[in-house]
Amino acid sequence: MGYKSLQECVDDLEHHGHLVRIKEEVDPFLEMAAIHLRVYNENGPAILFENVKGSKYKAVSNLFGTVERSSFMFRDSLTKVKLLVEAQGDPMKALKNPFKYWKLPFFAIKALPKKVFRQHFNEIKIEDIPQIHCWPMDGGPFVTLPIVYTEDPDAPGPMKSNIGMYRIQLAGNDYTLNEEVGLHYQLHRGIGVHQTKYKALNKPMKVSVIVGGPPAHSFSAVMPLPEGMSELTFAGALGNRRFRYFYDENDFFLSADADFVITGEVYPGENKTEGPFGDHLGYYSLKHEFPVMRVHKVYAKKNAIWPFTVVGRPPQEDTSFGDMIHEITGSAIPKEIPGVHEVHAVDAAGVHPLLLVLGSERYTPYYENTPPQEILTIANHILGTGQLSLAKWVFIAAKQENVPLSTYDLPQFYTHVLERVDWKRDVHFYTKTTIDTLDYSGSSLNAGSKVVIAAAGQAIRTLSSTIAEDFKFSEIGQPHFVMPGVLSVQASAFTTYTNAKVEIEEFAAQIENSGLEKWTGIPLIIISDDSEFTAKDMKNYVWVTYTRSNPSHDIYGVKSFTEFKHWGCEGPLIIDARVKPHHAPPLIKDENVERAIDRIFQKGGSLYGKLPSKNL
């Protein structure tokens, strides 16, 4: 729909039964987030908070909580947008099939940003905004659905601008309330590139934090677009309405359709402590120095609505963002990386830690024990591509004719890989490299390792869910199978890497001495703090294993060896997925808050009987 405002979207969703109002006063400190999490987990509707304690503004969340609701909001433009992204990623398609794509140039032109006369906004203060605090240990209230706008000093103007969804800390720590906010972003992102240029010029960077407006604007801030496509143009195309903008008297960019805009400047070298913040890996990101923005003015339209979301251990609302992105982009990545058939950034593992990939293996014909070749080249390409470069664990399999395989079917994909992988040759490390800023499994902030595990050719083993009866576990034990071939075991709490090496090598020797032939069907062993929890389901397995491990430090093997710098092992691969002392703490809900929000879901409360499943 061509919504002119967030209010129009809210009205449309409510009219069609996709939104529920909460009339009770709700505290933005933990309560609003707790309600959101409970509603999202029940596949519930969007929520309009009409009475936010301490603020005159309403707030809305869970707009993108399901793909179905997102598709409903963009029902008039989704098909055309898919074609636009497809054609942008592969222009030859448009030439080969002109009748299918002939309207796209007109559609794209109509989506270009539109400069308009200055619109009326009220000037407010940061403290007037709903101060939504999501998790108990958060350093303060954050903007969780911002559209952060910056311009390239070498090519000013909206068409070469960058918009991204980078978190904004509104208060807390050492920020001066109403005068400073914190910006958390990684330097390789578009805004980081802009900041580097401004720093070289020794000039402050103007920043506009846009909140609200048509939902297409928020979605465009997270969309990985083909090279050369403007996020503002994409927002216009998806929203069926051109992105309207103007500049204020101090040359700050303002979205004419926004509900709120925070303007300010980032000066070279000015940083302050930001965080902690409950993040999408399921842990807190801790306090670190990040750029501080000196607030210039804060704008709000009349009757503005504050949109927000809550991030935490997947799945959350950003999971639905990812699902929608996959639906729109379709086969965009295979066009960008030759030989790729599928790439699955596994949401349950926090997205960035784990990639599952299906690629072509065309360098040699298939024969028994074919070594991976082309798929290793593909893995290198993936680790050098955009946000995929943040991946820490890459499992890549060669696509085989007449062998059904999808990276989105985790048990099927892991079965295929583990039946074929040869630990003596197929483990490839990248050490002392960069990893996701939010991942604390590495050796320091942004620093850690990566590993590619490749599998090609025919199956070399049959996976098993049984352990030899005569094998006796000792210090490491309590075995549970995640699936055939993947065994979860438990050890005492991690102390140091030196001690871990001794413990796990003793365990590996115990397996070796029992006879490797007994372990042929169990190629992968996970050591964790709670083996039963890890093995409960695939979501627990991938979350525990790949968020709590640093490949270079936490991979071991039975009868391991190093030959000309190449590491391998003859028996099972072992991953130490225990919590380490330097890891960030996991996100845990406040039980008092959980009891307090029961009133909203019980008889007489605004959400009683409004969720698909049974209410409390």
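Model, not experiment: these values are computed from the prediction.

Undergrad: Describe in detail the confidence of the model for the protein chain, supporting the description with residues and values.
TA: With 92% of its residues at a pLDDT of at least 70, the protein chain reaches an overall mean of 90. Taken as a whole, residues 98-104 scores under 50 in pLDDT and shows eleven contacts with residues more than four places along the chain or in a different chain.

Undergrad: Would you mind going over the nonpolar core in detail, with residue names and values included?
TA: One recurring pattern in soluble globular proteins: nonpolar side chains tend to sit buried together. Core analysis: the largest hydrophobic core is formed by 54 residues, its most contacted members being I35, F49 and W306. In terms of residue count, the dominant contributor to this core is helix α2 (residues 31-41) (six residues). Not counting the four nearest positions on each side in its chain, I35 is found in contact with I22, V26, I47, F49, I597, I600, F601 and L607. Listed in part, the 45 residues of the second largest apolar core include L281, I526, I555 and A584.

Undergrad: How would you sum up the sheet that holds strand β2 (residues 46-52)? Please name residues and give values.
TA: Sheet strands pair via backbone hydrogen bonds, and the direction of the pair is either parallel or antiparallel. On the basis of which strands lie adjacent, the open sheet formed by four strands has the order β1-β2-β3-β18 and mixed pairing. Looking at strand neighbours, the two that pair on one side only are β1 (19-26) and β18 (305-308), the edges of this open sheet. Between one strand axis and the next, the sheet turns through 25 degrees on average, direction left out of account. Where β1 and β2 come together, six bridges link them in parallel fashion. Residue pairing for β2: V26 is matched across the bridge by V52. Against the sheet, α2 contacts β1, β2, β3 (58-61) and β18, and its axis sits at roughly 160 degrees relative to β2.

Undergrad: How would you summarise unusual backbone geometry if you had to cite specific residues and measurements?
TA: Of the consecutive residues G275 and P276, the connecting peptide bond is found in the cis state with omega at -5 degrees. Topologically, P276 is positioned in the loop between β14 (260-274) and β15 (277-278). With omega at 0 degrees, the peptide bond leading from P314 into P315 counts as cis. Secondary-structure assignment places P315 in the loop between β18 and α11 (317-329). Here the phi dihedral of K432 falls at roughly 50 degrees; this positive angle occurs in a residue that is not glycine. If you check the backbone angles, N446 has positive phi at about 70 degrees while not being a glycine. Residue position: N446 is located in the loop between β22 (427-434) and β23 (447-455). Residue classification places N446 among the partly exposed residues on the basis of a relative accessible area of 31%.

How each quantity is defined
Residue numbering note: each chain is counted from 1, following its sequence as written. Local features are withheld for residues below a pLDDT of 70 in this predicted model, meaning they are given only at 70 or higher, and side-chain atom pairs are given and counted only at 80 or more; totals for whole chains, interfaces and linings count all residues. Side-chain metrics rest on all non-hydrogen atoms present in the structure, leaving aside hydrogens and water. Every residue gets a pLDDT, meaning the predictor's confidence in that residue, from 0 to 100. Pairs of residues are marked as contacts when any of their non-hydrogen atoms sit within 4.5 Å. In this text, buried Ala, Val, Leu, Ile, Met, Phe, Trp, Tyr and Cys residues form a nonpolar core when linked through side-chain atoms within 4.5 Å. Residue exposure (1.4 Å probe, protein chains only): buried if accessible area is under 20% of the type maximum, exposed if over 50%, otherwise partly exposed. Comment: elements are numbered from the N terminus, with helices defined as DSSP H or I runs of at least four residues and strands as E runs of at least two. Two strands make a pair as long as DSSP finds a minimum of two bridges between them. Lines fitted to C-alpha atoms define the axes, with helix axes restricted to the stretch in contact, and inter-axis angles between N-to-C directions lie between 0 and 180 degrees.

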